Amino acid sequence: MPIQFSGGCACGAVRYQCSATPLAMYNCHCRSCQQAGGGAYSPLIVMATAKLGICGALNRHAVQAETGGHSERCFCGRCGSPLFALSKQNPEVIVIHAASLDDPAWFKPVADIWTVSALPWVCMDRHIPKVFKSPPVLDREEKEEAVSL
């Protein structure tokens with residue numbers, strides 16, 4: 001797994017650079033991820049917000065999270081590629097859509113999450129754990145200042 005990695009949207013109008021190892025990687029089966037990504041689940045990378053640099057203009061869409069809180073989906077306004085998700089409850093982390101990576105081959109999910117919403121026809125990797133809803137909140141020894149996008 002790389003310590004630094006990059007990615008962006010399909011048309012190149014939005015680019016990002018990460019300067020740290022991901023905190024976690026999941027396949028999320030929640031309904032919001034299904035709708036945002038257009039598939040049965042979204043492969044996601046959890047990162048410290050302060051370790052992400054973004055170039056380009058993002059469009060945003062506020063959604064009601066299944067946990068009851070509010071989150072924001074960020075995407076390219078030109079091509080519509082889904083790129084990030086943010087949560088007001090946990091601003092220290094940002095979620096990156098793994099399909100937007102320049103090299104998505106290194107993505108290795110550690111669990112399937114929100115399996116309560118998994119579609120009945122999806123095949124899940126039987127070698128990784130299944131989490132009924134959300135994984136435990138990430139506890140960080142060092143709280144990093146969130147940057148605004």
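These numbers come from a predicted model, not from an experiment.

Structural notes on the packing of aromatic side chains
Considering all chains together, one arrives at two aromatic pairs under this definition. Centre to centre, the rings of tyrosine 16 and phenylalanine 84 are 5.3 Å apart; their planes meet at 70°, and the pair counts as edge-to-face. With a gap of 68 residues between them, tyrosine 16 in strand β2 (residues 15-18) and phenylalanine 84 in strand β8 (residues 82-87) connect regions that are remote in the sequence. Exposure class is identical for tyrosine 16 and phenylalanine 84. Each is buried.

Section: the nonpolar core
Ranked by size, the top nonpolar core spans 22 residues in total, and within it Phe5, Tyr16, Ile45, Met47, Phe84 and Ile96 carry the most contacts. Among the elements of the structure, β2, β4 (42-48), β7 (70-76), β8 and β9 (93-97) are those that each provide at least two residues to this core. It is β8 that provides the largest number of residues to this core, a total of three residues. Those residues within four positions of isoleucine 45 in sequence are excluded, and the remaining contacts are Phe5, Pro22, Ala24, Met25, Ile94, Val95, Ile96, Ala98, Leu101, Trp106 and Phe107. Listed in part, the 13 residues of the second largest apolar core include Cys30, Cys33, Ala85 and Val95.

What counts and how
- Residues numbered from 1 in each chain as written.
- Predicted model: local features only at pLDDT ≥ 70, side-chain atom pairs only at ≥ 80, totals over all residues.
- Heavy atoms only, no water.
- Phe/Tyr/Trp six-rings, centres within 6.5 Å; stacked < 30°, edge-to-face > 60°.
- Helix = DSSP H or I, 4+ residues; strand = E, 2+ residues; numbered from the N terminus.
- Buried < 20%, exposed > 50% of the residue type's maximum accessible area, 1.4 Å probe, protein only.
- Core = buried A, V, L, I, M, F, W, Y, C linked by side-chain atoms within 4.5 Å.
- Contact = heavy atoms within 4.5 Å.

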